[in-house]
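In case you want the letters, here they are:
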Amino acid sequence: MATPLRRLAGVLAAFAILMFFPTAANAGAVVDIHDSEPHATLLVSDPEDAYETGETDGHSDLPQVQEGVDTAAPVAWSYHITASCSGYAGSIRSGANFWGDATETSGSGTPVECVSGYVQGCGSATNVVGCNWGQGQRIVLSSLVSDFALLAAHEFGHNWYGHSAEGCANWGSEYEVMRPYMC
């Protein structure tokens, strides 16, 4: 009788370890820059087929932009555009300027990188077209979107805000810019 109880205890202990500690299979699945949750953005023509703009859940650490309420301009902040964004600098500046008081620098502040395909390593989402790691520690934007400035504004917005309600991002307001999909 003692042997089956020991086996059961061993199985329960193994289950507890697997449930409460990361496993080797999950290690490295998410590129975690500075131990912060990434925020991804997707692209689609219809919300059901939309590309995500980063993780759409688990972002209770960031306040949400409230619909119909003007947000206070963020405090002064800075960013720099990397060489991978050649040809997109004007759109990135437009997106940054949506949030006010941004300063473009030659090498300090949030690095903004560009890719021609989907952004890799941004949480568990697929078809991600934009990601902001660590609330402005690193931003990656995909050239797959039709409104690159809107994508940039959305990702810069994750320096301060989480996603607003489901739907397609648009220029209507801060709330609309922070919707989780690019359509």
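Going by the structure above, here's the rest.
Residues numbered from 1 in each chain as written. Predicted model: local features only at pLDDT ≥ 70, side-chain atom pairs only at ≥ 80, totals over all residues. Heavy atoms only, no water.

1. As for unusual backbone geometry
Keep this limit in mind: Elements are defined by DSSP. Helices are runs of H or I of four residues or more, strands are runs of E of two residues or more, and each kind is numbered from the N terminus. Accessibility here uses a 1.4 Å probe with only protein chains present; expressed as a share of the type maximum, an area under 20% marks a residue as buried, one over 50% as exposed, and anything in between as partly exposed.
One non-glycine residue, Asn 127, lies in positive phi territory at about 55°. The backbone of Gln 135 shows a phi angle near 50°, a positive value even though the residue is not glycine. Structurally, the position occupied by Gln 135 is in the loop between strand E6 (128-133) and strand E7 (138-142). Classification of Gln 135 by relative accessible area gives partly exposed; the value is 37%.

2. Considering the pairing of strand E3 (residues 77-81)
Let me state the cut-off plainly: Here the rule is simple: two strands pair whenever DSSP picks up at least two bridges between them. Crossover handedness is defined here as right-handed if the route from the first strand over the helix to the second strand goes clockwise, with the strands pointing away from the viewer.
Where burial is concerned, most of E3 is hidden: 4 out of the 5 residues are buried. Bridge analysis of E3 against strand E4 (residues 102-104) gives 3 bridges, and the strand direction is parallel. Counted as the bridge partner of Ser 78 is Thr 103 from E4. Handedness of the crossover joining E3 and E4 through helix H2 (residues 89-97): right-handed. In the sheet, E3 pairs with strand E5 (residues 110-115) via 3 bridges, with the strands oriented parallel.

3. With respect to the state of the cysteines
The cut-off we apply is this: For the purposes of this analysis, a disulfide is any pair of cysteine sulfur atoms at a distance within 2.5 Å.
Evaluated as defined, the whole model comprises 3 disulfides. Disulfide partner of Cys 122: Cys 131, at an S-S distance of 2.0 Å. In this structure, the disulfide formed by Cys 122 and Cys 131 twists by about 80° around the S-S bond and is classed as right-handed. Across this residue pair, the class does not change: Cys 122 and Cys 131 are buried. Residue pairing for Cys 168: its cysteine sulfur links by disulfide to Cys 183, the two sulfurs lying 1.7 Å apart.

4. A few points about the nonpolar core
Convention followed: Take the buried Ala, Val, Leu, Ile, Met, Phe, Trp, Tyr and Cys residues and link them wherever side-chain atoms come within 4.5 Å; each set so joined is a nonpolar core. We call two residues in contact whenever any of their non-hydrogen atoms come within 4.5 Å of each other.
Of all hydrophobic cores here, the largest spans 25 residues; its most connected members are Tyr 79, Ile 92, Trp 99, Val 112, Leu 141 and Phe 156. For this core, the secondary structure elements donating two or more residues are E3, H2, E5, E7 and helix H3 (148-157). No other element matches the 6 residues that H3 contributes to this core. Ignoring sequence-local partners within four residues, the contact set of Phe 156 consists of Trp 77, Tyr 79, Ile 92, Gly 95, Ala 96, Trp 99, Val 112, Asn 132 and Ile 139. Core analysis: the next-biggest nonpolar cluster, separate from the first, contains 7 residues, Val 119, Cys 122, Ala 125 and Val 128 among them.

5. Points about the pattern of salt bridges
Worth spelling out the cut-off: By convention in these notes, a salt bridge is any Lys or Arg side-chain nitrogen within 4 Å of a carboxyl oxygen on Asp or Glu.
Taken as a whole and assessed by the stated rule, the structure comprises 3 salt bridges. Note that Glu 104 and Arg 93 form a salt bridge whose closest N and O atoms lie 2.5 Å from each other. Of this pair, Glu 104 sits in strand E4 while Arg 93 sits in helix H2, and the two are 11 residues apart along the sequence. Looking at Glu 104, the relative accessible area reads 32%, which means it is partly exposed. The class for Arg 93 is partly exposed, based on a relative accessible area of 35%. Residue Glu 176 pairs with Arg 179 through a salt bridge whose shortest N-O separation is 2.9 Å.

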